[in-house]
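Overview (structure and organization)
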Amino acid sequence: MELKDLEERWKNEDVIELLLKDLEKTVKRDEHVKLAVFLTALSAYTDEPLNLFLKGESGSGKSYNVTQVVKRYFPPEDVWLLGGMSPKNLIHLGGIEMAGDGRRVDEIPRPKKPGKKATEEEIQEYEAQMREYRELMKNSYVLIDISSKILVFLEAPEQESYRNLYPILSHDSREISYQFVDKTGKGQLKSKKVVIRGWPACIFCTPDVKYVEELATRSLSVTPEQSSEKIALAQEVATQKAAFPWLDNESDDTKFIRQIISHIKAIASEYKVLIPFCNLSEIFPKYAVRHMRDFNHFIGIIKVITLLYFPRRAKVQINGQKYVLSSAEDVVRAARLFKRIYETTQTGTEETVLSFYWNLVVKRDEWHAETLMEEYNKTNRKVSKKTITRWLHRLEDIGYVSSEPDPSDRRRLIFKPMIRQEIETIKDSPDLLAPLLEKGFREWLNKSGHEYPPEIKEYVLIMPKGGLEQQYIIRDMTSCPDLSGKLGEESGKDELVNKDSPEMSLFPSSLSDLEQQRTTQVSSPSLSQQHEYIIRDTISCPDLSRKPDEESSQNKPTNKDSPQLSLSPKLSPELEEKWNNIGKM
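As the structure is a prediction and not an experimental result, all values here were calculated from the model. (Residues numbered from 1 in each chain as written. Predicted model: local features only at pLDDT ≥ 70, side-chain atom pairs only at ≥ 80, totals over all residues. Heavy atoms only, no water.)

1. What to know about the overall build of the protein
Check the secondary structure of the protein and you find 18 helices and 18 strands. Counting across all 585 residues of the protein, residues that qualify as buried make up 51%. Considering only residue pairs separated by 6 or more positions, the protein has 75% of its internal contacts joining residues 24 or more positions apart. Summed over all atoms, the accessible surface of the protein reaches about 28500 Å², with 48% contributed by carbon and sulfur. (Helix = DSSP H or I, 4+ residues; strand = E, 2+ residues; numbered from the N terminus. Buried < 20%, exposed > 50% of the residue type's maximum accessible area, 1.4 Å probe, protein only. Contact = heavy atoms within 4.5 Å. Areas by Shrake-Rupley, 256 points an atom, 1.4 Å probe, with all protein chains shown as cover.)

Shown next as structure tokens:
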């Protein structure tokens, strides 16, 4: 696909909808799992990568879901599919020998020994060089950079490897080091220093090991569906593969999504995501300690979704840093996904066990395991008493049930439900979020004009409201006032909307525009010299529809000495070159 065509399609395509449609060819149902895996993998290119655990029975599709997503769309060099990983395996995956001064060992030539006719001065110089060389080699180490990597643990890593990796996987430190004993080429044992740098995105497909479960409290958790309908559809896919092995499920949509990922990888190195809603925390529950961590995961999902719709989002430059602004639509999408996986993430428990609780256990005040087994098996696939007991003990671990000995037979336990109402979860209704986020945006505008750095002057709000187009006027004033109201409510300004007029690149019409346009510097005019930008506010997030009159004095900065804000940040030469290369794919 030509770069121009790619840019235009990315601007107009609903990427998440396209992704799920493309994956449906090989992975049936499990939309929440596929999306969680994709966004987690994509977060590898951000400052705060996500971790994801897949919970569920063996054979439910945990590994299949993950491998189909990461192998289908992401660069092979960024994806590490790991089995039972030992410390030695980790070194051989991507280790580079580094000298004590930070240079690669293979780039440092060994001093050449002088010949028999060498002078005393030459010999002394050689010996000095060798001492320096040996010192460098003595302090050498193996560097493993796992930034922008996607680590998929198909099996739990060995405990020693996990213990070494934990500070990085839990984001406690961006760099760790440890000593490792390995054999040299001559069979001798030698101690090596290993330095692991960067935060990867991690996906665990087999988290049933106790020492790995500790990390699950700092991660997202999802459970693949286990319904009869999914099993039937999965069998149909397997039948088609067996009957027509020559058919290729890779489509133009698959290639298009790969190209988007390549662009995002380049973009994320230069742009940070800014979420302009001061009251974002109001939509998130606050009754459990781990909600502090989970809220950060929610923010991470918003940021990844924002990058996925990069051409539709506003860009600003503040103090030399380039930002892409999240929209309310990104918040709604993230909230809907998070609500779907909220309880599995909150409890670290597979969905089958939670459904068992809400559909059956809460219906009586107390149960024996045998009675629960009989009731469950009436309407579900048959399970054993051992399975029911295991589920009950898991529910007891997370505080959903209590147990006590049966007074009539102390060898048996009575299980009692402790939670009668479904737990409070995240707000995800657009009708509820629209006014709330608008309020948060107004607050953000005001604070940006008074409490934040003074160079922050202009912002964009995209607020979905039931799919109906709403238009707002944002005034660029020194005081950064709130949105003034809907278009048309003041002095009949509908005539300002002109779809054929040039567009100002708060919403660049294409990536080429970003590459070619000059940086627009706008300082804040006074109240008497205000000019207005008309922003269309819809689910589809269209571009800015009118550019201020270039001849007007209103479009000129009024104070050259005031801090300035670039509304359309110019790409660096490095990023421009990356984008040009990507367009040739």
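Right, picking up where we left off after that structure.
2. Looking at helix α1 (residues 3–12)
Those residues of α1 that sit buried are L3, L6, E7, W10 and K11. On an axial view of α1, the arc spanned by its buried residues comes to 130°, and they lie on one face. Looking at α1, the residues exposed on the side facing more than 90 degrees away from the buried face are K4 and N12. (Arc of directions from axis to C-beta.)

3. A look at the pattern of salt bridges
As enumerated under the stated definition, the model contains 27 salt bridges in all. Here D22 ties to R72 by a salt bridge, and the two come within 3.1 Å at their closest N and O atoms. You can see D22 sitting in helix α2 (residues 15–23) and its partner R72 sitting in helix α4 (residues 62–73), a full 50 residues away along the chain. Looking at R72, the relative accessible area reads 10%, which means it is buried. In this structure, E329 engages R333 in a salt bridge whose closest nitrogen and oxygen atoms are separated by 3.2 Å. With E329 and R333 both in helix α12 (residues 328–347) and four residues apart, this pair spans about one turn of that helix. An identical accessibility class is assigned to E329 and R333; each is buried. (Salt bridge = Lys/Arg side-chain N within 4 Å of Asp/Glu carboxyl O.)

4. Quick look at the packing of aromatic side chains
As enumerated under the stated definition, the model contains 20 aromatic pairs in all. Aromatic side chains Y357 and Y400 sit 5.1 Å apart centroid to centroid with 70° between the ring planes, which places their arrangement in the edge-to-face category. Of this pair, Y357 sits in helix α13 (residues 351–359) while Y400 is found in the loop between α15 (385–397) and β13 (401–406), placing the two residues 43 residues apart along the sequence. Accessibility assignment for this pair places Y357 and Y400 in one class, buried. An aromatic cluster is built from F284, F295, F298, F338 and Y342, whose rings are joined through pairwise contacts. The aromatic ring of F256 is capped on one face by R9, whose charged end is 4.1 Å from the ring centroid. Over the ring of W199 we find R174; its NZ or CZ atom is 3.8 Å from the centre of that ring. (Phe/Tyr/Trp six-rings, centres within 6.5 Å; stacked < 30°, edge-to-face > 60°. Lys NZ or Arg CZ within 6 Å of the ring centre and 35° of its normal.)

5. Observations regarding unusual backbone geometry
Unusually for a residue other than glycine, R29 sits at a positive phi of about 55°. Residues other than glycine seldom take positive phi values, yet D30 does so here, at roughly 50°. With respect to the secondary-structure elements, D30 resides in the loop between α2 and α3 (31–42). The buried category is assigned to D30, whose relative accessible area is 1%.

6. Points about the packing of α3 against α4
The N-to-C vectors of α3 and α4 enclose an angle of 45°; their axes lie 9 Å apart at closest approach. Considered as vectors, α3 and α4 are oriented oblique to each other. Relative to α4, α3 is oriented so that their crossing is right-handed. Along its contact with α3, which presents V33, K34, V37, F38 and A41, the element α4 presents N65, V66, V69, V70 and Y73. (Axes fitted to C-alpha atoms, helices over the stretch in contact; angles between N-to-C directions. Parallel < 35°, antiparallel > 145°, perpendicular 65-115°, else oblique. Left-handed = near helix turned anticlockwise from the far one by under 90°.)

7. Concerning the side chain of T223
Here T223 is to be found in the loop between β9 (220–222) and α9 (228–243). When its relative accessible area of 2% is taken as the criterion, T223 is described as buried. A polar contact is formed between the side chain of T223 and the backbone nitrogen of E351, at a distance of 3.0 Å. With residues up to four places along the chain from it excluded, the contact list for T223 reads H32, V33, K55, G56, T344, T349, E350 and E351. (Polar contact = N/O pair within 3.5 Å; in protein donor to acceptor, adjacent residues only side chain to side chain.)

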